[in-house]
Amino acid sequence: MHELHESVPFMYTFSGQAPRTRRSIRFLYGELPWFSNFEMTQMIKYGMPGVWTHAFVDMWSPGYLGFMSSNHNGMLRMYETFGNAGANTMKRKVDSGERTGGGRISPTSREWYRPLPPYKEVVWSMRNNTNYMETGVLSALQLTASFPKVILENFYRKSRNSIESGTKTRRSVT
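Here the structure is a predicted model, which is why all the values come from computation and not from measurement.

### Let's talk about the packing of aromatic side chains
- Taken as a whole and assessed by the stated rule, the structure comprises 10 aromatic pairs.
- Consider the rings of Phe10 and Trp124, whose centres lie 4.7 Å apart with planes at 65°: the pair is edge-to-face. Highlighted residues: Phe10 in the loop between strand S1 (2-6) and strand S2 (11-13) and Trp124 in strand S8 (residues 121-124), separated in sequence by 114 residues.
- For Phe10, a relative accessible area of 1% puts it in the buried group.
- Put simply, the rings of Phe10, Phe82, Tyr119, Trp124 and Tyr132 touch in pairs and so form one group of aromatic residues.
- One cation-aromatic arrangement involves Arg92 over Phe82; the distance from NZ or CZ to the ring centre is 4.1 Å.
- Directly above the aromatic system of Trp52 lies the positively charged group of Arg114, at a separation of 5.9 Å from the ring centroid.

As structure tokens, then:
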């Protein structure tokens, strides 16, 4: 399942970091960073700055359709991209940062989860936004096509584990 939103410079690819629920599928949280790091690496290779992998988001929120996907042994691929006020191309400045706990984090700084940060100023259009989203999705599909047996086996094991869990923890309906 893929979700595409507009909010951040230039693209955040969901890596499955906390918070998580106690019922979360454990090895799904090994698959998620595998995909997000592959997507980020591919996009950097293609010369696309500003792709990063870690931020606060909760996959289990009913506000996201990913909640439904992950509860049915699927995998969520979610992207947040740099939107625009309209379809026009315009010069944009990237926000200098937000206050967090001990200081200011700049979205244009190089971090372990953002090895090629976004530019401080950029000429941006809906086409750029679309290119980022499409490249993220196609990179995830490329990884899936490269490892079909692993992906299929993981889906099978998640499904099998769900069935076993359901038979072990029978609940009475009142």
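### Re the side chain of Thr53
- Among the structural elements, Thr53 can be located in the loop between strand S3 (51-52) and helix H2 (66-70).
- According to the relative accessible area criterion, Thr53 is buried, its value standing at 0%.
- Setting aside residues up to four positions removed in sequence, Thr53 forms contacts with Tyr12, Thr13, Ser15, Gln17, Ser36, Asn37, Met40 and Tyr113.

### Focus: the pattern of salt bridges
- Counted according to the given criterion, the structure contains six salt bridges.
- Note that Glu121 and Lys93 form a salt bridge whose closest N and O atoms lie 3.7 Å from each other. Taken together, the residues Glu121 in strand S8 and Lys93 in strand S5 (residues 90-93) connect sequence positions 28 residues apart.
- What makes Lys93 exposed here is its relative accessible area of 63%.
- Residue Glu164 pairs with Arg160 through a salt bridge whose shortest N-O separation is 3.7 Å. Taken as a pair, Glu164 and Arg160 lie in helix H4 (residues 148-168) at a separation of four residues, close to a single helical turn.
- A relative accessible area of 34% means that Glu164 is categorised as partly exposed.
- On the accessibility criterion, Arg160 (30% relative accessible area) is partly exposed.
- Several salt bridges converge on common partners, so that one network encompasses Lys91, Lys93 and Glu121.

Cut-offs used in this document
- Residues numbered from 1 in each chain as written.
- Predicted model: local features only at pLDDT ≥ 70, side-chain atom pairs only at ≥ 80, totals over all residues.
- Heavy atoms only, no water.
- Phe/Tyr/Trp six-rings, centres within 6.5 Å; stacked < 30°, edge-to-face > 60°.
- Helix = DSSP H or I, 4+ residues; strand = E, 2+ residues; numbered from the N terminus.
- Buried < 20%, exposed > 50% of the residue type's maximum accessible area, 1.4 Å probe, protein only.
- Lys NZ or Arg CZ within 6 Å of the ring centre and 35° of its normal.
- Contact = heavy atoms within 4.5 Å.
- Salt bridge = Lys/Arg side-chain N within 4 Å of Asp/Glu carboxyl O.

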